[in-house]
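# Overview (structure and organization)
Residue strings, one per chain:
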Amino acid sequence: MATIEGFRVQNFRALRDVALGKLSGEQAGEPLTPFTVVIGKNGVGKSTLFDAFGFVADCLATDVETACDMKQRGGFERMRSKSVTEPIRFEIYYREAQNEYPITYELAIDLDANGRPFVLSEMLRQHRKNQKYDRPYPFLRLERGKGSVWAGEEAIGDSEEDSASSPVEITDPHELGISTLGTLKEHPLLEPDRNVSPSFGKFRDGLRRLVMMEDDL
């Protein structure tokens, strides 16, 4: 069963930097379970934490600008922590099944030159089958809508793994890369036990279901 094992949010309302469960860079933590209880006094940010999950789900379903204006959030400036000029950041540590490598998804949202929320950066990392390096491989890496995406096993051949990527540019900087690339069959996401894995679209839909479930709890 697919599960979110860790979640980190930064600069989101009262949550300046809050991490739950196990993350890629913090392996000592205990992973979240399908039933996780959040306890705290009134006003400490419990509802904000759940809305952080809901916000990511809304970004996946629409775009970041629309998500900022949904559910009485009041726009990006009201969502960003007070006296902070840094982007709002999310990190999700996610596992499709217990026998598969975890996936780390990182997202940063900021304001563009016109004052509109846009995707500042986005990264999707997972260990590849027979990977030579210890760190998870970046299947998707975007900065201001431009970057690289995994080109597939056939692109490696005798070359190094780092060369097995192709340049990509997102036409709409307000949409998530995993949402845009999820419609393109030429950009697969590797599964550890198969030569070709589900598309970005399958990952996107699975992640959206999970964050929606967390938001509903």
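Being a predicted model, the structure only gives us computed values, none of them experimental.

### A look at the packing of aromatic side chains
Summed over the entire model, instances satisfying the criterion amount to 5 aromatic pairs. With centroids separated by 6.3 Å and ring planes inclined at 40 degrees, the aromatic side chains of Phe7 and Phe90 adopt a geometry described as tilted. Taken together, the residues span a long stretch of sequence, with Phe7 in strand β1 (residues 3-12) and Phe90 in strand β3 (residues 88-95) at a distance of 83 residues. A residue is classified by how much of its surface remains accessible, and Phe90, at 4% relative accessible area, is buried. Linked through ring pairs, Phe7, Phe12, Phe53, Phe55 and Phe90 together constitute an aromatic cluster.

### What about the environment of Gly29?
Topologically, Gly29 is positioned in the loop between β2 (15-21) and α1 (46-61). Separated by 24 residues in sequence, Gly29 and Glu5 have C-alpha atoms that sit 9.6 Å apart. Once residues within four sequence positions are removed from consideration, Gly29 is found in contact with Gly21 and Lys22.

### Thoughts on the pairing of β2
Sheet topology places β1 next to β2; 6 bridges connect them, and they run antiparallel. Bridging across to β2, Gly6 finds its partner in Gly21. Hairpin connection of β1 to β2: 2 residues between the antiparallel strands, including Arg13 at a positive phi of 55 degrees.

Thresholds, definitions, all that
- Residues numbered from 1 in each chain as written.
- Predicted model: local features only at pLDDT ≥ 70, side-chain atom pairs only at ≥ 80, totals over all residues.
- Heavy atoms only, no water.
- Phe/Tyr/Trp six-rings, centres within 6.5 Å; stacked < 30°, edge-to-face > 60°.
- Helix = DSSP H or I, 4+ residues; strand = E, 2+ residues; numbered from the N terminus.
- Buried < 20%, exposed > 50% of the residue type's maximum accessible area, 1.4 Å probe, protein only.
- Contact = heavy atoms within 4.5 Å.
- Pairing = 2+ DSSP bridges.

Shape descriptors only; they carry no functional weight alone.
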